[in-house]
Amino acid sequence: TDQNFKLVKVQLKVQLKARSKAQSKAHPPRLLWEILSPPRSELLKKAVQQFQEYFFDKRQTFDLPIHLVGTDFQKKVWEVVRQIPFGKVLTYKQVAAKINQPTAARAVGGALNKNPLLLIIPCHRVIAAHSLGGFAVGLNTKKLLLNLES
């Protein structure tokens, strides 16, 4: 639901801050929801657990069921981006080429800006030819995620 997605976005920001402040990977900070309100569904609990593992170097991929809603173009872009391995990057132009639309680099950026699942579809792994490009939740977050994976 939209509310669950908003909670996951909040969790992403909290985990990034916690990761940057954590003294030891052996003692990760408690999840925000463990303190305030635990997730109500088993799926949401699984998602939170997988995010926690990702932020503390115990997970490189996510195995959560997803149902993407978007245009055909967006779905093609998101599927290519979902296949980018942990620690690797592609340029917007490379993603455009992979969907057989080599002149659509800007449109790829637009599709990624609408990405509803920021970690599961790791759009932070898509960069511009000579810069980081953009990121829906800010370039500092993109830098943190790329550093986490390097």
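Up top is the structure.
Computed from a prediction, not measured in an experiment: that's the story for all the values here. Think of each chain on its own: its residues are numbered from 1, step by step along the sequence as written. Two thresholds apply to this predicted model, a pLDDT of at least 70 for residue-level local features and 80 or more for giving and counting side-chain atom pairs, whereas whole-chain, interface and lining totals are computed over all residues. Only hydrogens and water are set aside; all other atoms, that is, all heavy atoms of the structure, feed into the side-chain values.

Asker: Got a minute to help me understand the pattern of salt bridges in this structure?
Answerer: Opposite charge on two side chains permits pairing when their charged atoms draw close. The rule for a salt bridge is simple: a side-chain nitrogen of Lys or Arg has to be within 4 Å of a carboxyl oxygen of Asp or Glu. In the structure shown here, the tally under the stated rule is four salt bridges. For K45, the salt bridge goes to E42, with nearest N and O atoms at 3.3 Å. Residue K45 and its partner E42 are both found in helix 3 (residues 42–55); the two are separated by three residues, about one turn of the helix. Residue exposure (1.4 Å probe, protein chains only): buried if accessible area is under 20% of the type maximum, exposed if over 50%, otherwise partly exposed. On the basis of relative accessible area, K45 is assigned to the partly exposed category, the value being 37%. Under the relative-accessibility criterion, E42 is labelled exposed at 59%. Two residues, D63 and R59, come together in a salt bridge whose shortest N-O distance is 3.8 Å. Within this structure, E53, R59 and D63 form a network of salt bridges that share partners. Helix and strand assignments follow DSSP, with helices taken as H or I runs no shorter than four residues and strands as E runs no shorter than two, numbered in order from the N terminus.

Asker: Got a minute to help me understand helix 6 (residues 105–113) in this structure?
Answerer: One full turn of an α-helix is made of 3.6 residues, so residues set three or four places apart face in the same direction. Here helix 6 has its buried residues at V108, A111 and L112. Down the axis, helix 6 shows its buried residues gathered within 100° of arc, on one side only. The contact definition used throughout considers only heavy atoms, calling two residues in contact when any of these lie within 4.5 Å. Turning to helix 6, the residues buried within the fold contact helix 4 (72–82), helix 5 (92–98) and strand 2 (126–127). Starting at the helix axis, one direction is taken to each C-beta atom, and the arc is that of these directions.

Asker: What is the right way to read the nonpolar core from this model?
Answerer: Side chains of a nonpolar character, in soluble globular proteins, are inclined to be buried together. The criterion is simple. A nonpolar core is a set of buried Ala, Val, Leu, Ile, Met, Phe, Trp, Tyr and Cys residues joined through side-chain atoms within 4.5 Å. Of all hydrophobic cores here, the largest spans 33 residues; its most connected members are Y54, F55, V77, V81, V95 and L112. Residues in contact with L112, not counting those within four places in the same chain, are V77, W78, V81, Y92, C123 and V126.

Asker: Just checking my understanding: could you explain the side chain of H124 for this structure?
Answerer: Position of H124 relative to the elements: it lies in the loop between helix 6 and strand 2. The exposure class of H124 is buried, given its relative accessible area of 0%. Only 2.8 Å separates the side chain of H124 from the side chain of E149, close enough to count as a polar contact. Those residues in contact with H124, other than ones at most four positions away along the chain, are Y54, L118, L119, F135, K142, L145, L146 and E149. Pairs of N or O atoms are called polar contacts if they sit within 3.5 Å, as long as, within protein, a hydrogen donor faces a hydrogen acceptor (for residues adjacent in sequence, only side-chain-to-side-chain pairs).

Asker: Honestly, the packing of aromatic side chains in this entry has me stumped. Any pointers?
Answerer: Centre-to-centre distance and the angle between the planes together describe a pair of aromatic rings. Under the pairing criterion, centres of Phe, Tyr and Trp rings, with the six-membered ring standing for Trp, must be within 6.5 Å; the plane angle then separates stacked pairs below 30 degrees from edge-to-face pairs above 60, leaving the rest tilted. For the coordinates displayed, the defined rule picks out four aromatic pairs. Between F51 and F62 the ring centres are 5.5 Å apart and the planes differ by 75°, which places this aromatic pair in the edge-to-face class. Remark: F62 occurs in the loop between helix 3 and helix 4 and F51 occurs in helix 3; sequence separation between them is eleven residues. In terms of burial, F51 and F62 fall into one category: buried. Note on Y54 and F62: the rings are 5.6 Å apart at their centroids and 40° apart in plane angle, and the pair reads as tilted. Among the aromatic residues, those joined into a ring-pair cluster are F51, Y54, F55, F62 and F86.

Just distances and angles here, no functional claims.
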